[in-house]
Amino acid sequence: MSHRELYCDVCVGVALFEAPPCVDSHGTDCPELICTDCGAAVVIATFTPPVTRLADRRRRRQPTRQHAA
């Protein structure tokens, strides 16, 4: 079992978390962790969200130019 110190919302402070025996073959990299003080469970996100590029969108839009008649 791996141990990590993380913030626990139930304990309202930093507590020791451990990974329970994993049935999904993650081993010590299991995303499920349990607080050793209160038993609260957390899941660590194992994905990265897509990156949005707002600056590129602004650059592509060029203001309309009005020509003098």
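Look up: the structure comes first, before these words.
Cut-offs applied
- Residues numbered from 1 in each chain as written.
- Predicted model: local features only at pLDDT ≥ 70, side-chain atom pairs only at ≥ 80, totals over all residues.
- Heavy atoms only, no water.
- Pairing = 2+ DSSP bridges.
- Helix = DSSP H or I, 4+ residues; strand = E, 2+ residues; numbered from the N terminus.
- Axes fitted to C-alpha atoms, helices over the stretch in contact; angles between N-to-C directions.
- Core = buried A, V, L, I, M, F, W, Y, C linked by side-chain atoms within 4.5 Å.
- Buried < 20%, exposed > 50% of the residue type's maximum accessible area, 1.4 Å probe, protein only.
- Contact = heavy atoms within 4.5 Å.
- Patch = residues over 30% accessible without salt bridge, like charges linked within 9 Å, V, L, I, M, F, W, Y side chains within 5 Å.
- Areas by Shrake-Rupley, 256 points an atom, 1.4 Å probe, with all protein chains shown as cover.
- Salt bridge = Lys/Arg side-chain N within 4 Å of Asp/Glu carboxyl O.

J.: Give a detailed account of the sheet that holds strand β3 (residues 32-35), specifying residues and quantitative values.
T.: With antiparallel pairing, four strands are arranged side by side in an open sheet as β1-β2-β3-β4. Whereas interior strands pair on both sides, the edge strands pair on one side only; in this sheet they are β1 (3-8) and β4 (41-43). Neighbour-to-neighbour, the strand axes of this sheet turn through a mean angle of 40 degrees, independent of strand direction.

J.: Run through the environment of Pro20, naming residues and quoting values.
T.: Secondary-structure assignment places Pro20 in the loop between β2 (13-18) and β3. Sequence-wise, Pro20 and His3 are 17 residues apart; in three dimensions their C-alpha atoms are separated by 9.9 Å.

J.: So what about the pairing of β1? Which residues, and what values?
T.: When β1 meets β2, the two strands line up antiparallel, connected through six bridges. When the sheet's bridge partners are listed, Cys8 is paired in β2 with Gly13.

J.: Explain the environment of Phe17 to me, using residue names and the numbers behind them.
T.: Summarising the element assignment, Phe17 is placed in strand β2. Once the C-alpha coordinates of Phe17 and Leu33 are considered, the two residues, 16 residues apart in sequence, prove to be 5.9 Å apart.

J.: Residue-level account of the nonpolar core, with values.
T.: Taken as a class, soluble globular proteins show a tendency for nonpolar side chains to be buried jointly. In this structure, Cys8, Ala15, Phe17, Ala19, Cys30, Leu33, Cys35 and Ala40 together form the largest nonpolar core, which totals eight residues. The set of elements that each furnish at least two residues to this core consists of β2 and β3. Apart from the residues lying within four places of it in its own chain, the contact partners of Cys8 are Gly13, Ala15, Phe17, Cys35, Cys38 and Ala40.

J.: Mind laying out a nonpolar patch on the surface, listing which residues take part and the relevant values?
T.: Judged by side-chain polarity, Tyr7, Val12 and Val14 come together as a nonpolar surface patch covering roughly 340 Å² of accessible area. Along the chain, the position of Tyr7 falls in strand β1.

J.: Quick rundown of the pairing of β2? Include the residues and the values.
T.: Between β1 and β2, which pair antiparallel and follow one another directly, the connecting turn spans four residues, one of which, Val12, has a positive phi of 55 degrees. As paired elements, β2 and β3 share two bridges and run antiparallel to each other. Looking across to β3, one finds that Phe17 is bridged to Cys35.

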